[in-house]
Protein chains: 2
Amino acid sequence: MDSTALRQLLGGRRLSPAQRRIARYLLEHPQEAAYLGTVDLAERVGVSQASVTRFAFALGFETFPEFRAAVRSLVLTPTTNGPAEELNEIQLLVETEIRNLRSLRDGLADLGPLREAAGALAASQPLPVLGLRVSAPLAHLFGYFAAKAHLDVRVLDCPGSLMEDGLLRAVDAGADWALAFALPRYPREMRDALTFARRVGLRTVLVTDQPINPLTEHADLVLTAPVSSHFAFDSHAASTVLCSALLHAMLAALPKERQASLDAFEAMAAQREVFVAD
Amino acid sequence: MDSTALRQLLGGRRLSPAQRRIARYLLEHPQEAAYLGTVDLAERVGVSQASVTRFAFALGFETFPEFRAAVRSLVLTPTTNGPAEELNEIQLLVETEIRNLRSLRDGLADLGPLREAAGALAASQPLPVLGLRVSAPLAHLFGYFAAKAHLDVRVLDCPGSLMEDGLLRAVDAGADWALAFALPRYPREMRDALTFARRVGLRTVLVTDQPINPLTEHADLVLTAPVSSHFAFDSHAASTVLCSALLHAMLAALPKERQASLDAFEAMAAQREVFVAD
DNA sequence: TCATGTGTGAATGCGTTCATGCATGCTCTG
DNA sequence: CAGAGCATGCATGAACGCATTCACACATGA
């Protein structure tokens, strides 16, 4: 199924909000687009039936059935996609990442370690999150999401004394666990931070790429996500997903009212019109 | 497409000659079977329209549309009905991401848009990189890597006037393109930033999750990476990989001596003992 | 503040599709 | 050869899908 052609078909014109929603739905459900009628389509998208016919017209078709016929010829192409096409260089890069994710998936068959880490982190308040250099963005991503349900997440991305200050203040405020991201390569400064954390009484969860590397011995719990370095820049899909998984497990480990506050947070954001409605 | 299931559906009952002809036609044209009406189907097979409705009834369906719906669910099923192994919740999360990456991979069969974007960004000096809220970490990740080969990358993650200041300074210094990350949901402030960028003469590459959303119309080039939101926290594996792909393409678009400087950078880091040796 | 244009949903009318009754032709049997 | 049983095509009424109209909400600019 070739969604790029469909994309091209839908993308050209300037569309109204409701029409964009229709286009989006069709891109996400190209199969259904081939046979759905105006009424059913309108129902699923959540717009009026009239908007659907107008949508077809806006795309340059005389009638909706005409538009649907065009979609059919795109979606139901006579199985042109030979399965064994040559993948280009970039596709190979993605393919490598897919393998990484498969490996991560298989490694998560046993949720014990993940749940243990999630429980410990969810209970620690405040929760320091460490990430240096290339791992700093990941720490911030985690922090962004975690803050929605955890009351006091503190992302520390500056090495040395600054990080030590942050750790000390966290301990004073009652923290007993910290989370550290350390993708390859392993900054010396992160090792120092981990040893410091241990010295001030913190236990640490380390997210890294190998179960045994120069940093793991300084952590109490280690979660691993494979990283491939066959291309110019290291890949981070697996660690990003592991980050999501950890958040997911943490949410489950948090008390109910905290989980509810996440929804409240979203509702509040909508009310403040932080995001563009579509 | 699995024609055995269709065969099974059509084969069971005893059918009259005309009905057999209909069944045969459907087996030979399973695609059409999904959407053809009684009249068109009757026409193609060479029987009367009434025979088609009776055909559906003979197969045990109340009405013809009902029969057609059954055919659809057979013909249009995702075919590869899964590894059927029991995956736990977290593994399902990873599985979703794998699907996202596959989708991304297929979308990258045509490298035209990616190369075009990479070429434009590589040539722009300085290069402003925009990311707000949840997209800020991604912008920083990009910035971290890009800075290794590009002389002047400026990550802007604060909305409003601060971002505008950064864009203005970049334009004054000679920038003509900007890169913006906008994963869902789409901050209003990012839309403002994009319109501002256009007003001050910048063209923009937008990395987002849908080809059509409230922001795409404000960008000159759009790269899309699917994001799934079936879990509590949005996933970002695909966008992370797309970020890597873009970096990879940019590196290829940069002059040779810049690429060499990347190696020099690494060598220097090793000499400074930034990383722990393993 | 009002006027204008745009976008949207509810209601309406038309055209098509589908199901059913009826007449015809075929096949098998006495 | 005659009659019953079945299959098939044609014709008609009901149901459905689609396009159009109208009224209203909203944003924009004088």
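Before reading on, note that the structure itself is shown above.
Notes on the structure follow. Here the structure is a predicted model, which is why all the values come from computation and not from measurement.

This part is about the sheet that holds strand S1 (residues 127-131) of chain A. Residue and element names in this part refer to chain A. Reading across from one edge, S2-S1-S3-S4-S5 is the order of the five strands in this open sheet, with parallel pairing throughout. On the outer flanks of this sheet lie strand S2 (153-156) and strand S5 (221-224), each paired with one strand and no other. Looking at each pair of strands side by side, their axes are set apart by 20 degrees on average, direction ignored. Relative to strand S3 (residues 177-182), S1 runs parallel, the two sharing three bridges. Bridge pairing in S3 places Val129 opposite Leu179.

Ranked by size, the top nonpolar core spans 97 residues in total, and within it A:Leu114, A:Phe142, A:Leu246, B:Leu114, B:Phe142 and B:Leu246 carry the most contacts. For B:Leu114, the contacting residues outside a window of four places in its chain are A:Ile90, B:Leu108, B:Leu223, B:Leu242, B:Ala245, B:Leu246 and B:Ala249. Of all hydrophobic cores here, the second largest spans 21 residues; its members include B:Val52, B:Phe64, B:Val71 and B:Val75.

A few words on the protein's contact with DNA strand D. Surrounding DNA strand D, one finds 20 residues, the nearest of these being A:Thr38, A:Thr63, A:Phe64, B:Ser16 and B:Ala18. The contact atoms of DNA strand D, taken as those within 4 Å of the protein, divide so that sugar and phosphate hold 57%. One of the backbone N or O atoms of A:Thr38 is found 2.6 Å from a phosphate oxygen in DNA strand D. Contacts to DNA strand D include B:Ser51, whose side-chain N or O atom sits 2.9 Å from a phosphate oxygen. When contributions to the surface near DNA strand D are tallied by element, the ones reaching two or more residues are helix H4 (38-45), helix H5 (49-58) and helix H6 (64-75) of chain A together with helix H2 (17-28) and helix H5 (49-58) of chain B. Per-element tally for the surface near DNA strand D: the top contributor is H5(A), with four residues. In terms of residue class, the surface near DNA strand D is built from eight nonpolar, eight polar and four charged.

It is worth spelling out the interface of chain A and chain B at this point. Each side of the interface is counted separately: chain A has 68 residues, and chain B has 62 residues. On the surface where chain A and chain B come into contact, there are three salt bridges. Across the salt bridge formed by A:Arg105 and B:Glu95, the nearest N and O atoms sit 2.7 Å from each other. Connecting chain A to chain B are 12 residue pairs in polar contact (both at pLDDT 80 or more). Looking at the side of chain A that touches chain B, the elements with two or more residues in it are helix H1 (3-11), helix H2 (17-28), helix H7 (89-107), helix H9 (136-146), helix H11 (188-199), helix H12 (237-253) and helix H13 (256-271) of chain A.

To describe a pair of aromatic rings, you give the distance between the ring centres and the angle between the ring planes. Residue and element names in this part refer to chain A. According to the stated counting rule, one finds 10 aromatic pairs over all chains in the structure shown. Both rings, one in Phe64 and one in Phe67, keep their centres 5.9 Å apart while their planes meet at 45 degrees; by these two values the pair is tilted. Here Phe64 and its partner Phe67 are both found in helix H6, three residues apart, which amounts to about one turn of the helix. Residue Phe64 is classed as buried on the basis of its relative accessible area of 7%. In this structure Phe67 comes out as buried when scored by relative accessible area, which is 2%.

Reading the values: the criteria
Residue positions are given per chain, counting from 1 as you read along its sequence in written order. Each chain is given a letter, starting from A, and each ligand a number, starting from 1, according to the order in which they appear as written. Owing to the predicted nature of the model, reporting of local features is limited to residues with pLDDT of at least 70; listing and counting of side-chain atom pairs is limited to 80 or more, with chain, interface and lining totals taken over all residues. Computation of side-chain values: all heavy atoms of the structure, hydrogens and water removed. Pairing between strands requires that DSSP locate at least two bridges from one strand to the other. Under the scheme used here, helices are H or I runs from DSSP no shorter than 4 residues and strands are E runs no shorter than 2 residues, and both carry numbers assigned from the N terminus. Whenever a helix is involved, its axis is fitted only over the stretch in contact; in every case the axis is a line through C-alpha atoms, and angles between N-to-C directions fall within 0 to 180 degrees. Put simply, buried Ala, Val, Leu, Ile, Met, Phe, Trp, Tyr and Cys residues joined by side-chain atoms within 4.5 Å make one nonpolar core. Here the term buried applies to any residue with accessible area under 20% of the maximum for its type, exposed to any over 50%, and partly exposed to those in between, with areas from a 1.4 Å probe on protein chains only. Any two residues whose heavy atoms approach within 4.5 Å at even a single point are treated as in contact. When at least one non-hydrogen atom of a residue lies within 4 Å of a molecule or strand, that residue is treated as near it. Residues adjacent in sequence count toward polar contacts only when both atoms are side-chain atoms; beyond that, a polar contact is any pair of N or O atoms within 3.5 Å, and within protein one must be able to donate a hydrogen and the other to accept it. Only Asp, Glu, Lys and Arg are considered charged, only Ala, Val, Leu, Ile, Met, Phe, Trp, Tyr, Cys and Pro nonpolar, and every remaining residue, Gly among them, polar. Here, a salt bridge means any Lys or Arg side-chain nitrogen found within 4 Å of an Asp or Glu carboxyl oxygen. Between 30 and 60 degrees the pair is tilted, below 30 it is stacked and above 60 it is edge-to-face, where a pair is any two Phe, Tyr or Trp rings, Trp via its six-membered ring, whose centres lie within 6.5 Å.

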